[in-house]
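So you can see what is in the structure, the chains are spelled out below.
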Amino acid sequence: MRALHRKLWRDLWKMKGQAFAIILVIVSGVATFVMLISTMDSLSLTRKRFYQDYGFAEVFASLKRAPESVKYRIASIPGVDQVETRVVADVKLNIEGFNEPVTAKLVSVPDNGKPVLNRIYIKKGRMVEPWKDNEVVVSEAFAAAHRFSPGDRFGAVINGRWKMLDIVGTALSPEFILQVRPGGISPDFKRYAILWMGRDALGTAYNMKGAFNDVVLTVSSGVNTNDILVQVDNLLNWYGGLGSYGRKDQVSHRFLTEEFRQLETSSRIFPVIFIGVATFLLHVVISRTVGTQREQIAGLKAFGYSNLDIGMHYVTMVLLIVLLGVAGGVVVGVWFGKSLGGVYMEFYRFPYLMYELRPAVVISAVWISIASGLVGTLHSVWKGAKLPPAEAMRPEPPAKYRKSVLEHIRLWRVLSQPTRIIIRNIERRPMRSLLTIIGISLSCASMIAATFFQGAVDFMVDVQFKRSQKEDMTVTFIEPTSRKAVYELKGLRGVEHVEVFRSVPARLRFQQRSYRTSIQGIEPGNRLHFLLDTDLKSIDLPPEGIVLADYLGTILGVKPGDMLTVEVLESSKPLRQVPVVGLVKQYIGVMGYMDLSALNRLMKEDRSVSGAYLSVDSLDRPEIYGKLVEMPRVAGTLVREDEIRNFYETQAEALLFFTFVATLLAGTIAFGVVYNSARIALSERSRELASLRVLGYTRTEISYIFLGELALLTLAAIPLGLLIGRGMSAYLAKAIESDLFRIPVLVEPATYSLAATVVVVSACLSGWIVRHRLDHLDLVAVLKTKE
Amino acid sequence: MNHPTVELQTGPSEIDRKIVFKVKGLTKVYGMAELEVHALRGVDLELYEGELVVLLGPSGSGKSTLLNILGGLDTATDGRVTYREKDLTKATEKELTEYRRFHVGFVFQFYNLIPSLTALENVAVVTEISKNPMKPADALAIVGLGERLNHFPAQLSGGEQQRVAIARAVSKNPEVLLCDEPTGALDSATGVVVLEALHRINHELGTTTVIITHNADIAKMSDRVISISNGLISKVTRNTVKIQPREIHW
């Protein structure tokens, strides 16, 4: 090997601690990038394959009832490829030993057992035999949650009739990758199931023989889906169509697409921080190395090595560090990515996960890291390489010191000499001190940005489920019914208070924008379900007009006073102009709210309700559940407490994963920055510190001088880091907000404390490692070296 | 311009030998305006093939500056320096690099060895880029360090380090060997060993050797002594009787 290459390896080995710290930071950055992007790619690829292999539909529509012959009219719409009609119904289940409300969506499968579209993946057991009205295939997640296997049974109320159902198989479906029931905030595998039953059996139960109430279809390539939606709506209007929608609005698909967006947003923020810090560290270390090797450079140039030879020597040093970091980062990133994929599989029920790491991702990681490394170091390298040999042979001039700003104030006089050394040293290199502070503060900030979610989500749940919704249960009826239903519910033992509500699906339009959601009609003076303004204070619903979720106002571009066009998608489908009279704070979903009577008038109906909010005595809950299951008009029941508990249970693993990864990564930045600063400072100042030892200073006293500077910089960095972290959290919250949910920009004190603690611990650790070297300064050797 | 009291003593040897370096009106100024330092004020000089020359002068006299310009490490402010027929003062950066690579060997006062390379590797770092080098081990043998090939500079004494530096300088078979205070950091006994190495190389390989020193005793081993003072050559003396390095003490 060439002698110069040996120098390179040995120089790297000599600075292995610093190089390792930088490599760790690069590994963190690249690993985060690879993890996030590869997870996104993997989920996307898995979804695409699952959709392809199982014929996921592109257009969906529900309706009241249409004869089967309408299918052919749909199929004849230009651009429609395949059509499948179905019977779909919401049912209540009764699981033995599980005394909580369970609902399910019951979906028909063709009598030949082979759906054309939205085919199901049988994981265990078999498909139903179409003529058997007691056989079902259940969603695999529900089966796992209740430890069901083919052969087990449970009860169900199907169109008001009680039935025992036999499980013949468990399955997954591209239509239900995410299984969240309407009104829910996260998958609840114990309390919500998807069931598949033969078309004939289901049709008979719901008086749908030779008819359908749900249709899915695919379109030919190149066709504009919106045109198809309009034509399908026009056709199904006659049959009580509730409005068709494309794949992009299908709940399961939509949630996953939002997830991708979040991953992509994160992949743009966090890796940038790490690579930025690595660039700074490389700059400091390499410029220091070139500085201390001036004479070696002079010698090499004296013997005929060109500027380019010298430059390439140090550039190779940089590239080696960067490429080692990238290699490690890719390996760790793949490992994290697969783990993260596993976490996502808890929510998104794919039959398999196709992990993919695109070469483009690795190439991007490589060139971005190399470019950043060179950006941070080329100037110093070139400056050193270009030095005329004669000048390079002259030692660097001694560091310039001058009186600091503080010396002009009285405080200076009370400071000890060691403290003065600390302060003057910080002031001597203001730029480097500032960059060190920024580097450490970024560690703090990234920790906050990665972990603020937990506290913010807690707040979100608190607002949505404790301040806004105080009902213990929400009961929904199969179809809009008279307000007299409230008496039936009030009569149940243990029910303390009942408030009814009306919910209608509607398309809201303002100028050229529109959005499909539901309008909730609430009783005035209600005590269970509150609307909160943007300051989270409860407001009274005006008797006329519509109040919108604040984000919905943004989507539509409306403000109070504007006139909204409301196109109801149910019953007689009235089209009305309704004034917007307020905006309310809502973190989950986007809905409109009206006074119940005003909504009834808009619907031209007589005091109809869709459901009720109940407050109940907790001791009577089990009995109330049982009674509600038996009530024919009740479609389902949601228990608020169960929703919250389930939410935290399902989120727990994901949050733990993210917190763990975030802590690790923030720790590497803090460690990397402080350790490198300490090592460089040590190499620059060993002579000075050794002199102090010779003069009689103890190890503790010189540790104070040396580490005191780093401690001061770390302490200065923390408040800055908290501020930057808050800013980054706000940016992240804004970047991921959507109509599905919005994260409040709320950083809890605990999040700040944890971030500061991680930084302090990392800094202490690196200080402790360096202190070891300080304690073992070879006084004689250091003092012998010429200045 | 030379000082009026210059005593130039020439003899038959200068007429017979080829001129290696020709210096005419060499001036070097550092700094700007009030902070200008006139390191060289118009030096005229000729150096001949195979001779051992000592540049003698006190600290700040300009001898290192002259050596650096002869070696292509620094550039002149005014005047002309030719190496054989090559005008060094008009050479580009690339040409100077080539000149140093193939023609010049340097020895520095503080050795300038690469601490992360062994003695053998410190020599190899030069032979690997030379046209017609000797083997690194052979160069080290010339300076009597055949047994210390795999030692790092930190494991060598000052004298040994300087001898490694000399081996490095001669390993490329340079035509010219320029030594800036090669014994400046060494005690008398060690310095003599170094001087003996330089003397042997000059004598056996015929390398034109220029040694800078402020020590007048060392000057006695040379063919000629060029005294420099205040940026000008004050005197050029030929040693009709040269002493051996081992006879030198300081």
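In what follows, the accompanying structure is described.

The rules behind the values
Residues numbered from 1 in each chain as written. Chains lettered and ligands numbered in written order. Predicted model: local features only at pLDDT ≥ 70, side-chain atom pairs only at ≥ 80, totals over all residues. Heavy atoms only, no water. Helix = DSSP H or I, 4+ residues; strand = E, 2+ residues; numbered from the N terminus. Rg over C-alpha atoms; globule rule 2.2 N^0.38 Å. Buried < 20%, exposed > 50% of the residue type's maximum accessible area, 1.4 Å probe, protein only. Contact = heavy atoms within 4.5 Å. Areas by Shrake-Rupley, 256 points an atom, 1.4 Å probe, with all protein chains shown as cover. Lys, Arg positive; Asp, Glu negative; His and termini not counted. Charge placed at Lys NZ, Arg CZ, Asp CG, Glu CD. Pairing = 2+ DSSP bridges. Axes fitted to C-alpha atoms, helices over the stretch in contact; angles between N-to-C directions. Buried area = accessible area lost by both parts, 1.4 Å probe. Salt bridge = Lys/Arg side-chain N within 4 Å of Asp/Glu carboxyl O. Polar contact = N/O pair within 3.5 Å; in protein donor to acceptor, adjacent residues only side chain to side chain. Right-handed = clockwise from strand over helix to strand, strands pointing away. Disulfide = S-S within 2.5 Å. Phe/Tyr/Trp six-rings, centres within 6.5 Å; stacked < 30°, edge-to-face > 60°. Lys NZ or Arg CZ within 6 Å of the ring centre and 35° of its normal. Core = buried A, V, L, I, M, F, W, Y, C linked by side-chain atoms within 4.5 Å.

A short note on the overall build of chain B
Point 1. Within chain B one finds seven helices and 10 strands.
Point 2. In terms of overall dimensions, chain B is globule-like: its C-alpha atoms have a radius of gyration of 18 Å, near the 18 Å expected for 250 residues.
Point 3. When the backbone C-alpha atoms are referred to their principal axes, chain B occupies close to 50 × 40 × 40 Å.
Point 4. The 250 residues of chain B split such that 54% are buried.
Point 5. A sequence separation of at least 24 residues applies to 72% of the contacts in chain B between residues at least 6 apart.
Point 6. Entry remark: accessible area of chain B is about 10,900 Å², with carbon and sulfur atoms responsible for 52%.
Point 7. Counting 27 positive and 30 negative side-chain charges, chain B places the centres of these two groups 3 Å from one another.

A closer look at the overall build of chain A
Point 1. A count of helical and extended segments in chain A gives 22 helices and 22 strands.
Point 2. Taken along the three principal axes of its C-alpha coordinates, chain A extends 100 × 60 × 55 Å.
Point 3. Across the 787 residues that make up chain A, the buried fraction comes to 58%.
Point 4. Of note, chain A has its 93 positive side-chain charges centred 9 Å away from the centre of its 74 negative side-chain charges.

Some points on helix α2 (residues 16-53) of chain A
Point 1. For α2(A), the tally of buried residues reaches 29 of 38 residues, placing the bulk of the element in the interior.
Point 2. Within two residues after α2(A), G55(A) carries a phi angle of roughly 60°, on the positive side.

Things to note about the sheet that holds strand β5 (residues 86-87) of chain B
Residues and elements named next belong to chain B.
Point 1. Taken in spatial order, the four strands of this open sheet run β2-β1-β4-β5, and their pairing is antiparallel. The open sheet has two edge strands, β2 (37-48) and β5, and neither has a second partner.
Point 2. Two strands pair when backbone bridges link them, and strand β4 (residues 78-83) and β5 are joined in this way by two bridges, in the antiparallel orientation. When the sheet's bridge partners are listed, Y83 is paired in β5 with K86.
Point 3. Of the strands in this sheet, β1 (19-30), β2 and β4 touch helix α2 (residues 63-70), which is tilted by about 125° from β1.

Thoughts on the interface of chain A and chain B
Point 1. Contact with chain A, which involves 25 residues of that partner, is made by 28 residues of chain B.
Point 2. When chain A packs against chain B, the two sides together hide about 2,200 Å² of surface, and 60% of this comes from carbon and sulfur.
Point 3. Among the residues chain A hides against chain B, the three largest losses belong to A3(A), R10(A) and F303(A). Together they make up 29% of the total.
Point 4. At the boundary of chain A and chain B, one finds three salt bridges.
Point 5. As a salt-bridge pair, D309(A) and R101(B) come within 3.0 Å of each other at their nearest N and O atoms.
Point 6. The interface formed by chain A and chain B contains 11 residue pairs in polar contact (both at pLDDT 80 or more).
Point 7. Only α1 (3-14), α8 (294-302), α9 (307-347) and α11 (389-393) of chain A provide two or more residues apiece to the side of chain A that touches chain B.
Point 8. By residue number, the principal contributor to the side of chain A that touches chain B is α8(A), which donates seven residues.

Here's the deal with the side chain of D739(A)
Residues and elements named next belong to chain A.
Point 1. Among the structural elements, D739 can be located in the loop between α20 (699-736) and α21 (749-775).
Point 2. There is a polar contact of 2.3 Å between the side chain of D739 and the side chain of R254.
Point 3. Among all residues touching D739, those that are not within four sequence positions of it are R254, Y515, Y551, I555, G589 and V590.

Observations concerning the pairing of strand β7 (residues 176-180) of chain B
Residues and elements named next belong to chain B.
Point 1. Of all five residues that make up β7, five are buried, and the element is covered over most of its length.
Point 2. Side chains V176, L178 and D180 of β7 all project onto a buried face; the interleaved residues L177 and C179 project onto the opposite face, where all are buried too.
Point 3. Note that strand β6 (residues 104-107) and β7 share four bridges and pair parallel. Its bridge partner lying in β7, V107 is registered against C179.
Point 4. Bridge count between β7 and strand β8 (residues 208-213): five bridges; the pairing is parallel. For V176, the partnering residue across the bridge sits in β8 and is T208.
Point 5. Between the parallel elements β7 and β8, the chain passes through helix α7 (residues 188-205) in a crossover that is right-handed.

Some points on the pairing of strand β7 (residues 153-158) of chain A
Working note: regular strand, side chains alternate between the two faces of the sheet.
All names here are of chain A.
Point 1. The element β7 is largely enclosed, with a buried count of five among its six residues.
Point 2. Two strands pair when backbone bridges link them, and strand β3 (residues 88-95) and β7 are joined in this way by three bridges, in the antiparallel orientation. Bridged to L93 within β7 is A156.
Point 3. As judged from the six bridges shared by β7 and strand β8 (residues 161-172), these two strands associate in the antiparallel manner. Within β8, the residue paired with I158 across the bridge is R161.
Point 4. The antiparallel pairing of β7 with β8 creates a hairpin that spans two residues between the two strands, and N159 there sits at a positive phi of about 50°.

Digging into the state of the cysteines
Residue and element names in this part refer to chain A.
Point 1. If you walk through the whole model with that rule in mind, you get zero disulfides over all chains.
Point 2. Its sulfur unpaired, C444 is 14 Å from the next cysteine sulfur, which belongs to C764.
Point 3. Here C444 falls in the buried class, since its relative accessible area comes to 0%.

A word on the packing of aromatic side chains
Point 1. Tallied over the full model, the rule gives 22 aromatic pairs over all chains.
Point 2. Ring centres of F501(A) and Y613(A) lie 4.6 Å apart, and the angle between their planes is 25°; this geometry places the pair in the stacked category. Residue F501(A) is found in strand β13 (residues 495-510), and its partner Y613(A) is found in strand β21 (residues 608-616); the two are separated by 112 residues along the sequence.
Point 3. Judged by relative accessible area, Y613(A) falls into the buried class, the value being 3%.
Point 4. Aromatic ring contacts, followed pair by pair, group F50(A), Y54(A), Y121(A), F350(A) and Y352(A) into a single cluster.
Point 5. The ring centre of F189(A) lies 4.9 Å from the NZ or CZ of R349(A), which sits over that ring.
Point 6. Over the aromatic face of F102(B) sits the side chain of K131(B), whose NZ or CZ is 4.4 Å from the ring centroid.

Overview of the nonpolar core
Point 1. Formed by 202 residues in total, the largest nonpolar core has its most connected members in I743(A), F21(B), I166(B) and I226(B).
Point 2. Counting residues per element, this core draws most heavily on helix α14 (residues 430-468) of chain A, which supplies 17 residues.
Point 3. The residues contacting I226(B), other than those within four sequence positions of it, are L45(B), L47(B), V53(B), V54(B), L55(B), L56(B), I233(B), K235(B) and V236(B).
Point 4. Core analysis: the second largest hydrophobic core is formed by 28 residues, F142(A), A156(A), M208(A) and A211(A) among them.

Concerning the environment of A670(A)
Residue and element names in this part refer to chain A.
Point 1. Assignment of secondary structure puts A670 in helix α19 (residues 640-694).
Point 2. Sequence-wise, A670 and G183 are 487 residues apart; in three dimensions their C-alpha atoms are separated by 43 Å.
Point 3. Each residue touching A670, except ones within four places of it in the same chain, is listed here: S443, V759 and S762.

A short note on the pattern of salt bridges
Opposite charge on two side chains permits pairing when their charged atoms draw close.
Residues and elements named next belong to chain A.
Point 1. In total, this model carries 53 salt bridges over all chains according to the counting rule given.
Point 2. Salt-bridge contacts for D166 lead to R153; the nearest nitrogen and oxygen are separated by 2.6 Å. On the criterion of sequence distance, the pair formed by D166 in strand β8 and R153 in strand β7 is long-range, its members being 13 residues apart.
Point 3. By relative accessible area, which is 18% here, D166 ends up buried.
Point 4. Of the charged contacts, one joins K559 and D562 as a salt bridge, the two residues approaching to 3.7 Å between their closest N and O atoms.
Point 5. Note on D562: relative accessible area 14%, which makes it buried.
Point 6. Put simply, E100, R181, D188, R191, D642, E643 and R645 are held in one network by salt bridges that share partners.

Some thoughts on unusual backbone geometry
Residue and element names in this part refer to chain A.
Point 1. Despite not being glycine, N159 shows a phi value in the positive range, around 50°.
Point 2. Among the structural elements, N159 can be located in the loop between β7 and β8.
Point 3. The class of N159 is partly exposed, set by a relative accessible area of 34%.
Point 4. We note that K604 has phi near 55°; this positive angle belongs to a residue other than glycine.
Point 5. By secondary structure assignment, the location of K604 is in the loop between α17 (596-602) and β21.
Point 6. With a relative accessible area of 67%, K604 lands in the exposed category.

Read these as geometric descriptors, not functional statements.
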